[in-house]
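Chains, contacts and geometry: an overview
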Amino acid sequence: EAGVTQFPSHSVIEKGQTVTLRCDPISGHDNLYWYRRVMGKEIKFLLHFVKESKQDESGMPNNRFLAERTGGTYSTLKVQPAELEDSGVYFCASSQLGPPSGNTIYFGEGSWLTVV
Amino acid sequence: GESVGLHLPTLSVQEGDNSIINCAYSNSASDYFIWYKQESGKGPQFIIDIRSNMDKRQGQRVTVLLNKTVKHLSLQIAATQPGDSAVYFCAENPGGSYIPTFGRGTSLIVHP
C-alpha cells in the first residue's frame with residue numbers, strides 16, 4: 001500500500017514567487033493534515049481536512065497560504081507570495097476517520113521549501 | 001499557553017546502551033500520546049503510542065511510560081543502534097481532538 005506522497009520533495013524559489021505543494025494521502029483516509037517545521041523548531045499544525053472540508057485551519061499563518069482539497073482526495077498548499085520566513089519543511093499526513101482521539105496519523109516525507 | 005516540550009534537545013549514547021528520551025506535557029485534557037521518529041530527509045514515522053488509561057506500553061525494543069501525575073512521558077530504547085539516530089518527537093492529542101500537538105524534538109545520536 002502506498003504511503004502519503006508529497007511533491008515536490010525540494011523547491012527553491014525567490015521571495016515573491018508562488019509555490020504549490022501537493023499531497024496524496026493514503027487511499028481511503030478521510031483526514032488530511034498539513035504541518036510545517038521551521039529549522040530546529042517544533043512541527044506546527046497548519047490545517048486539517050475531513051474529506052473536502054476544512055475542519056480546522058487555525059494554524060495557517062496568514063492569508064498568503066491557501067490549502068485546497070477538491071473532491072476529498074489529494075490536497076494542495078499554495079504559498080503566494082512566498083517570504084523568507086516561509087522556508088521550512090511542509091509535511092502532509094493522513095489518517096482514517098476514527099474515534100475522537102487515538103487516531104494514528106501517517107506522514108509523508110515532506111516538501112522542503114527554501115525561499116531566497 | 002499549554003504545550004508539549006522536551007527536557008533535552010540532544011542525547012548522545014553509545015551503541016548498545018539503553019536510551020531514554022523524556023517529554024513533558026501540560027495539557028491535562030490530553031488522553032493519547034504518540035512518539036515519532038524522524039530520520040534525516042524523511043517525514044516523522046510512528047513508533048509507539050499510549051492512551052491515558054495506561055502507564056506503560058511495550059513495542060519492539062521500545063517502551064513508552066506515562067506518568068499522568070507529573071504529566072511526563074518517556075521513550076525508552078533498548079540496545080540502541082546507529083540506525084536509531086534520529087530526531088524523536090512526542091505528540092499529544094487533547095481529548096476530542098484528532099490533531100496531535102508536537103514538541104520541539106530530541107536529537108538522538110548513537111556512537112558506534
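Attention here is on the structure that accompanies the text. Remember, predicted model here, so these are calculated numbers, not experimental data.

1. Some details on the overall build of chain B
- Within chain B, the secondary structure is distributed over zero helices and eleven strands.
- Walking chain B from its N terminus toward its C terminus, one meets helices and strands in the order β-β-β-β-β-β-β-β-β-β-β.
- The C-alpha atoms of chain B give a radius of gyration of 13 Å, which matches the 13 Å a tight globule of 112 residues would have.
- In terms of overall dimensions, chain B has a C-alpha envelope of 40 × 25 × 20 Å along the principal axes.
- Counting over 112 residues, chain B shows a buried share of 45%.
- Charged side chains in chain B number 9 positive and 9 negative. The centres of these two groups are separated by 2 Å.

2. Details of the state of the cysteines
- Scanning the entire structure with this criterion turns up two disulfides over all chains.
- Here A:Cys23 pairs with A:Cys92 through a disulfide, and the sulfurs are 1.8 Å apart. Its S-S torsion of about -65 degrees marks the bond between A:Cys23 and A:Cys92 as left-handed, since a negative value means left-handed. Taken together, the positions of A:Cys23 in strand E3 (residues 19-24) and A:Cys92 in strand E9 (residues 88-95) put the pair 69 residues apart, joining distant regions of the chain.
- Classification of A:Cys23 as buried rests on a relative accessible area of 0%.
- Disulfide partner of B:Cys23: B:Cys90, at an S-S distance of 1.8 Å. Handedness of the B:Cys23-B:Cys90 disulfide follows from its S-S torsion of about 45 degrees: it is right-handed. One end of the pair, B:Cys23, is in strand E3 (residues 19-25); the other, B:Cys90, is in strand E9 (residues 86-94), and 67 residues separate them in sequence.
- Among the residues examined, B:Cys23 registers a relative accessible area of 1% and is labelled buried.

3. Side note on the pairing of strand E8 (residues 75-79) of chain A
All names here are of chain A.
- The buried count for E8 comes to four of five residues, which makes it a mostly enclosed element.
- Relative to E8, E3 is paired through five bridges, and the arrangement is antiparallel. Across the sheet, Leu-21 pairs through a bridge with Leu-77, a residue of E8.
- The sheet contact formed by strand E7 (residues 65-68) and E8 spans four bridges and is antiparallel. Bridge pairing in E8 places Ala-67 opposite Leu-77.
- Where E7 folds back onto E8 in an antiparallel hairpin, the turn is made up of six residues, including Gly-71, whose phi is positive at roughly 80 degrees.

4. Description of the pattern of salt bridges
All names here are of chain A.
- Evaluated as defined, the whole model comprises seven salt bridges over all chains.
- The closest approach of N and O atoms between Arg-64 and Asp-86, which form a salt bridge, is 2.5 Å. Of this pair, Arg-64 sits in the loop between strand E6 (53-56) and E7 while Asp-86 sits in the loop between E8 and E9, and the two are 22 residues apart along the sequence. Considered together, Arg-64 and Asp-86 belong to a single accessibility category, that of buried residues.
- The network of salt bridges with shared partners includes Arg-36, Arg-64 and Asp-86.

5. Focus on unusual backbone geometry
- Of the consecutive residues A:Phe7 and A:Pro8, the connecting peptide bond is found in the cis state with omega at -5 degrees.
- Counting through the fold element by element, A:Pro8 comes out in the loop between strand E1 (5-7) and strand E2 (10-13).
- Following A:Gln80, the chain continues into A:Pro81 via a peptide bond in cis, with omega recorded as -10 degrees.
- Here A:Pro81 lies in the loop between E8 and E9.
- With a phi close to 65 degrees, B:Arg61 is a non-glycine residue in the positive phi region.
- Relative to the elements of secondary structure, B:Arg61 occurs in the loop between strand E6 (56-58) and strand E7 (62-67).
- Under the relative-accessibility criterion, B:Arg61 is labelled partly exposed at 31%.
- Even without a glycine there, the phi angle at B:Ala79 is positive, about 45 degrees.
- Its location among the elements puts B:Ala79 in the loop between strand E8 (72-77) and E9.

So, how was this worked out
Residues numbered from 1 in each chain as written. Chains lettered and ligands numbered in written order. Predicted model: local features only at pLDDT ≥ 70, side-chain atom pairs only at ≥ 80, totals over all residues. Heavy atoms only, no water. Helix = DSSP H or I, 4+ residues; strand = E, 2+ residues; numbered from the N terminus. Rg over C-alpha atoms; globule rule 2.2 N^0.38 Å. Buried < 20%, exposed > 50% of the residue type's maximum accessible area, 1.4 Å probe, protein only. Lys, Arg positive; Asp, Glu negative; His and termini not counted. Charge placed at Lys NZ, Arg CZ, Asp CG, Glu CD. Disulfide = S-S within 2.5 Å. Pairing = 2+ DSSP bridges. Salt bridge = Lys/Arg side-chain N within 4 Å of Asp/Glu carboxyl O.

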